[in-house]
Structure formats: C-alpha cells, structure tokens
Amino acid sequence: MKQFTRRAISLVLTLVMALTAISAYGEGSAVIGSTIQYDPSKPVNNGEDIAIEFWYWTGADKLFQAVVDEYTAIHPNVKITLVENPFDDYWTKLPLALQEPNGPAIFNVHNSHHENLIGYLAPYVIPVEDLEADFVGVSAHIIDGKVYYTDYGMMTATMYYNKAMWEKAGLTEADIPTTWDEFREVAKKLTIRDENGNLVQAGFSFNGGAQGDVLGMQYQYGQNLFTADNKVTFNNDAVRSVIQRMKDIYEVDGSGDYNFGNNSGDNFGQGMIAMYLGWGFMHGLFQALWPETEFGSFEIPTPTKDVPYAYHRYNGESTFGINKNAPADQQAVAQDIVRFFLANDALQKQFVLANSVFPAKKTLAADTDIMNVSSIAVLAKHIDRYIWPGPMPSAVENNMKIAIEDIFYNGADIGTALKNAEDTCNMELEGSEFESVEPSYAHASEAK
Amino acid sequence: MNLQIRSKSRDPLRSRSEIILRNTVVASLILFFLAFYFIPIGIAFWGSFHLWNPLKGQFRYTGLKNWHNVLNNQLFWYSLKNTGLFSVIAVLARIVIGLLLASALFSRLVKAKSFFRTLYYLPTITPMVAVAFVWKNMYDPQFGLLNQLLGTKINWLFDGRYAMLAILLLTIWKDFGYAVVILLGGMYSLPMDCFEAAEIDGADACQRFFGITLPLLRPTVLFIVITSFISYFQTYIPVMVLTQGGPGTKTQLATYLIFDQAFSKYNFGYASAMSFILFLLIALLTALSFRASGRKEQ
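Residues numbered from 1 in each chain as written. Chains lettered and ligands numbered in written order. Predicted model: local features only at pLDDT ≥ 70, side-chain atom pairs only at ≥ 80, totals over all residues. Heavy atoms only, no water.

Some words on the overall build of chain B
Moving on, step 1. On a plain count of helices and strands, chain B comes out with 14 helices and two strands.
Moving on, step 2. Against the compact-globule benchmark of 19 Å for 298 residues, chain B has a radius of gyration of 25 Å, which places it well outside the compact range.
Moving on, step 3. Here chain B holds 298 residues, and the buried ones make up 43% of them.
Moving on, step 4. Taking as baseline every contact in chain B between residues at least 6 positions apart, the subset at least 24 positions apart corresponds to 65%.
Moving on, step 5. With an accessible surface of roughly 16800 Å², chain B has 69% of that area assigned to carbon and sulfur atoms. (Helix = DSSP H or I, 4+ residues; strand = E, 2+ residues; numbered from the N terminus. Rg over C-alpha atoms; globule rule 2.2 N^0.38 Å. Buried < 20%, exposed > 50% of the residue type's maximum accessible area, 1.4 Å probe, protein only. Contact = heavy atoms within 4.5 Å. Areas by Shrake-Rupley, 256 points an atom, 1.4 Å probe, with all protein chains shown as cover.)

Section: unusual backbone geometry
Residue and element names in this part refer to chain B.
Moving on, step 1. With an omega of 0°, the peptide bond running from G246 to P247 counts as cis.
Moving on, step 2. Of note in the backbone geometry, Q244 takes a positive phi value of approximately 50° without being a glycine.
Moving on, step 3. Summarising the element assignment, Q244 is placed in the loop between helix 12 (237-242) and helix 13 (254-263).
Moving on, step 4. Residue class for Q244 comes out partly exposed when judged on its relative accessible area of 33%.
Moving on, step 5. In this structure, Y266 is a non-glycine residue whose phi angle is positive, near 55°.
Moving on, step 6. Positionally, Y266 belongs in the loop between helix 13 and helix 14 (268-297).

Points about the interface of chain A and chain B
Moving on, step 1. Across the contact, 31 residues belong to chain A and 30 residues belong to chain B.
Moving on, step 2. With a shortest N-O distance of 3.1 Å, K265 of chain B and E428 of chain A are connected by a salt bridge.
Moving on, step 3. Run the count over chain A and chain B and you get 15 residue pairs in polar contact (both at pLDDT 80 or more).
Moving on, step 4. When contributions to the side of chain A that touches chain B are tallied by element, the ones reaching two or more residues are helix 3 (87-98), helix 4 (114-117), helix 16 (394-408) and helix 17 (414-428) of chain A.
Moving on, step 5. Among the elements that make up the side of chain A that touches chain B, the one with the highest residue count is helix 16 of chain A (seven residues).
Moving on, step 6. The residue makeup of the side of chain A that touches chain B, split by class, is eleven nonpolar, 13 polar and seven charged. (Salt bridge = Lys/Arg side-chain N within 4 Å of Asp/Glu carboxyl O. Polar contact = N/O pair within 3.5 Å; in protein donor to acceptor, adjacent residues only side chain to side chain. Nonpolar A, V, L, I, M, F, W, Y, C, P; charged D, E, K, R; others polar.)

Digging into the pattern of salt bridges
Moving on, step 1. Here the structure, examined in full by the defined rule, presents 19 salt bridges over all chains.
Moving on, step 2. Close ionic contact of E185 of chain A with K188 of chain A constitutes a salt bridge, the shortest N to O distance being 3.1 Å. In this pair, E185 of chain A and K188 of chain A are both assigned in helix 7 (residues 180-189), three residues apart and thus about one turn of the helix distant.
Moving on, step 3. Overall, the relative accessible area of 43% leaves E185 of chain A in the partly exposed class.
Moving on, step 4. By relative accessible area, K188 of chain A is classed as partly exposed at 36%.
Moving on, step 5. Three or more residues joined by partner-sharing salt bridges are found here, namely E115 and E433 of chain A together with K56 of chain B.

Side note on the packing of aromatic side chains
All names here are of chain B.
Moving on, step 1. What the rule picks out here adds up to 74 aromatic pairs over all chains.
Moving on, step 2. Where F45 meets F276, the ring centres are 4.9 Å apart and the plane angle is 55°; that geometry is what we call tilted. Of this pair, F45 sits in helix 2 (residues 16-47) while F276 sits in helix 14, and the two are 231 residues apart along the sequence.
Moving on, step 3. Owing to a relative accessible area of 38%, F45 belongs among the partly exposed residues under this scheme.
Moving on, step 4. Considering the side-chain rings of F276 and F279, the 5.7 Å spacing of their centres and the 70° angle between planes classify their relative orientation as edge-to-face. (Phe/Tyr/Trp six-rings, centres within 6.5 Å; stacked < 30°, edge-to-face > 60°.)

Observations regarding the packing of helix 12 (residues 328-343) of chain A against helix 13 (residues 345-355) of chain A
Residue and element names in this part refer to chain A.
Moving on, step 1. Contact pair helix 12 / helix 13: the axes reach a minimum separation of 5 Å and the direction vectors enclose 80°. With respect to helix 13, the element helix 12 is oriented roughly perpendicular. Across the interface between the two elements, F340, F341, L342 and A343 from helix 12 touch D345, L347, Q348 and F351 from helix 13.
Moving on, step 2. Grouping the amino acids of the contact of helix 12 with helix 13 by side-chain chemistry returns six nonpolar, one polar and one charged. (Axes fitted to C-alpha atoms, helices over the stretch in contact; angles between N-to-C directions. Parallel < 35°, antiparallel > 145°, perpendicular 65-115°, else oblique.)

Some details on the environment of F286 of chain A
All names here are of chain A.
Moving on, step 1. Mapped onto the fold, F286 is located in helix 11 (residues 281-289).
Moving on, step 2. Overall, F286 belongs to the buried group, its relative accessible area being 1%.
Moving on, step 3. Counting along the chain gives 146 residues from F286 to A140, while the straight-line C-alpha distance between them is 31 Å.
Moving on, step 4. Those residues in contact with F286, other than ones at most four positions away along the chain, are Y160, G265, F268, G269, Y276, P291 and F295.

Function cannot be read off these values alone, since they describe shape.
The following block contains the structure:
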C-alpha cells in the first residue's frame, strides 16, 4: 500500500512538472521576443504530424538538442531528427544533400561556405527590418533585399594572457597594453630565458596560425583587404608593417621564437607562452582542455592611442539555413524554428556563451553572464569598430599562410612573398562569385 | 563419338554453368571498371575544360583555360619535382631496406621468422592517418620523441631543410614491410638447386646474393618499383596531417595540391587538369619501366 502511495505521488509530481514545462511555452503561454516575436500558441503544420531533418556539425550536440527539445515541447506534432557530421565532411555532404528534395529542411551554416550554399537557401520570411531591429550586422547579409541567414554572434581576435605569469613578472591591471609599442615592452617582461639564453617562457607567440591574425590587423592602418573590384590586396604598406612588427617581436625583442612550439594556442594552454592572440572560441577551449591555466583577456593593441579604422575583422557565427528544395510543409516548419530561435533570448544566450562570441542580438548586448566572459567583455566598448570582409573563400587564408611561412620559416623577403601570394590568390579567385562587404562597414568612408 | 565426348570434356567453356559464370564475372568486372574508373576518368577529363564545382552545380565550359593555368603554374611544376624526388628516394629506400631485411629473414641463421615478418608488416596495415598523427607528436620540437632520442632541437615540420625528410622518414617506416614480405615470398620461390650449386662451387653469401638472388628477383623488384611509384606519386595523407604543404610550399606534392584545389577550393576543373597531367606522367613511367624490364628479359 505504502509503495502504491509513493508511486502515485511520484506519478502526480512528474505529471505536474511535465505540464509546467509544457505550459511555459504551450498554448496560451506568453509570446516571446521583442521585434521578432514567437507565439507558441500558433500551431505548426495545422497541428498535423510532420518529420524533418536538422543537420549540424560535430561538437554542438547539446546546443542543437536544446533547440529541438524546447521546440518539440511546444509542438509535439513535429519530429526533428538531428543529423551530426564531422566538420570537414559536412561541407561536401550538405550541398549534395541539398540538391535533392529529401535533404535536410534546416541546417547549421558557416559563412566560409557561403558560395556553395547560397544557391540552396530559402530566404527568411521574417521581414528584413525586423531582423535589423533585433540584430546587429544584418545589413551585410542582405542579398537583393532578402536575408538567407545572419549572425547570432560575432567572433574576433582578442589577446589572452596567463594571469600567473603576469603576476610573477610584477605586472598589474594597469600594465594592460593598448598600443603595440606598450605590448612589446610587456612581452619582453614576460619572457624568460635560461642561463644559456634558451627560451623557457615566451612573452608572446603567434606560431602555427598567424595568417588569421595578419588578415585583420591591416585594418588598424585603414587598409581594406579587398579592392573595389574584389581583388585581394596583400602586398601593401599596412600588411608589410604588420608582418615586420611580428618579425621584430621575435628577432629584435626576443620575446618569442619561430621554433618554440608549433601551435601557439595549445602552447598557451600548456603554459609555455604568456600572451596569445586568439579567436573567441579559444576561451571555451582553454577552459575545457587546460582548466589549470588561469587566463584573462584584453583588446587587441593598436598602432597608436587613437581609435583605428577597425581593430580587427570579425566573423559571424551564423543562424540556421533553410533548404529551398525541401517540401513546402517542411520549409514552413524550418521557418518557424528559425523564428523561434531568433526570438528566444535564452537559446541565443546559450549559443553565444558556448562559442564565446559577442551577441548580435541587441537585447543581450549588456547581459551580465555574457559580459562575465572576459574575451567577450573586452570587445564591448568598440564592437562597432570590428569589420566583416564578407564570406572569404579559403584561397585568401591559404595563400596568406604560404606567404607567412615563407617569410618566417624560409627567410623569404616580405614584399616578394606577399606579392606571390596576392597573385596566386587573385588567380584562384577568378570565377569566384565572392563580393567583399567591406563597403557596407559603418566606418567604410575612413578607409585609405 | 568417343572423340566428341573427350573434346567436350577438355573444353572448360562447353559447360553451360561455366559459360554463365565466365560471362557474369567478366560483365561484372567490365561494369565495375566502367562505373568506378573509365566513366569517372572520362567525366574528369571533360570537367578539366570547365569551371566546375559540383557542390553548387556549376559546370561552365572554359575551353583550355584550366590547362593553360596549370601549365603556367610554377607551384604545380615545383610540386611535380618534389613528387618525383620524394618517390625516387622512397622507392629506393623501400627496395634497399626490403632486400636487406628479406635476405636476413631468408637466411637459415634467423629464428622466429614469422614473428619478424609480422612485426615488419604491422606498420603497413596500420592506417596512415593514425600513424601520421603519432609521428606528428614525435616531431614536436619541444616534447617530441625524435629530438629527445637524437639530442637535437630541430623543428622537423617547420624547418624547410627537414620537413620533406620528416615526411619521407614516416613513409619509409610505414611501407618497408610491404617490400620485405613480397621480396621474401619471391626468394622462397627461387630454385634452390642454383643456390646449392653455387655453394658447392664455393660462392660466398655476398656472391650468391648479387650473382643469383638479385638477378632472379628482378621481376619481383620491378613489380615493387612500379607499384611503389604509382602509390608514391599519389601521396597526400602525410602531407595533409604533418605539414599541409609547408613551410611555405616546401613539402607540396602534386596529389596534395590536387586535393587542395578540389576539396578545399572546390575548383574541380583545375584539379582535373592537374590530375590528368599526373596520370599521363605515371602512365609514361610505368610504360618505360615495363619496356626497360622487357629489354633486360630478352
């Protein structure tokens, strides 16, 4: 009898909890969102059962499961199958699947694959002005008056520093550098060598991935990455200055070495280097892989104390894409999921925090939890001074990588290496439909 | 009547079931080669005259533009030179190490032959990607095993003087076992009476090796040389995992360049033109090898 009573009580409690959870969004519950709104009481697919596929790449299962769980709690008639693919495979499998009518109705997008995806995307039914009212950076995503995906967050480069090394070197918060000259002095103080002059701790390292850093720092001199006719420009005074400074940090200051570790991100986590310029996602990676390394962040230094044309480039973390070749009823559900995602601050926050990106949604710009992430918080003051060049084809980064390695490891002349890379890149971009969106940057008129 | 029965039983194709089996097997092979070799090769050849990106359904005729660009691409010729050099060294090392170890195993002095054969062959059957990742750690300038063992401070994968050597070392280690097993098999099939006669005539081990073993093994060695060249001309996995063609372009091999153009830049037409040039080179080399071996046989 006792057992029966206990079972009955737990059953009732479970039912109450389930009903509470459902009623949070269920019929009759409040509409969510500011300009873009989502009304949970509106049935989807007339309340009839429907099944769709939702594709995403490995590493974000919890995030996508959260979207699916919350959405299907409101609309139990919708069955969403999450399909996970490794990142590299995703970009060959997805475009091919989108050519067929039974491909995924909705999928995760990365703007670096824009050119291969855009032909398969259906535009959002949400009016562009509503998107612009709620999110920053939408204007760069408007194609013929329509938006096919936009950013939920902006990722860029920030400087990470090892707090223990910082303190050991006698540095305080007041020593946080804002210019490159100040930075170089700090880097020297953070460098440790043994009695034979061998590097024990590098003040700064950019080994293994400097192309991502270089392709952004030229904006600090007012130099765009693309010309008006969409040709890439590497061999210019700004890029040459950036690379020369990097060389000087190693070769003149001795604050690092080309052979002191081959992956500065990993080496920072491993406690080999004191400062590292890395993109937002590294924040989460450091916490996950090297929790014992305590670190802080500061904004990337600039050539002078003045506010530059742009501090660096950013890349948007994209909202979902909708398959224009999917059946109409599936597309309608996909459009509804997108609206649900964009209107839902809690989900937006989860995605922003998981990727350590600056939120594109205006209502989250001052969110306390988000601003507690140091690599995001340091961007807040100048977030309008970060530029997106557009969905750059991989040829740009690949050729800059070759130039940088030729300069740093093979002793090539800076100008020659940059010219070769520029010529090859522009040859490879022939036939590409890429168009730079640098002209749509808010401060574009200040470019040299 | 008797004669008829005898001639029928001699001809294996007279049996209906055997004819069906023969036709099925041959048709399957033809279909297989058509589906997985000839048609894709034909499509790739046709694609080399197009601006071709299958991921966005792009297939626009551009004439000889891809071929013109490839032939004028210094990096392509540089990568071909790298590929040739890499292949020659890897094949030589494979043959020399293979012959030395196979001879050692063939000797009556060595015990536990099966154990060593298995040991040497293990790297060959281990997946290249997994092996390459392990070697990447071994090449680490700070924590790598290789520097610790040699007492050096070489940045193996980022120093232009050593990066190609690093890829070669990995390739040779991974592949020598294949040559050992094939050459050992070849040695066991050699006529023993030649060796016995040579021994009676007083030939020492060295004379027997260079005078009997090596000449008789020529077809086996040639087989390894040709299959190795074909395989090494297509090397890209160790490059992809270890150096991505760097530092700069120091370790660019032709197949990695093709892979990069096709699957990173989605420029399939350009990659197809490169592939065809590489295909012709491999075909030419193979034909030359066969011709050279044919002359020697005569």
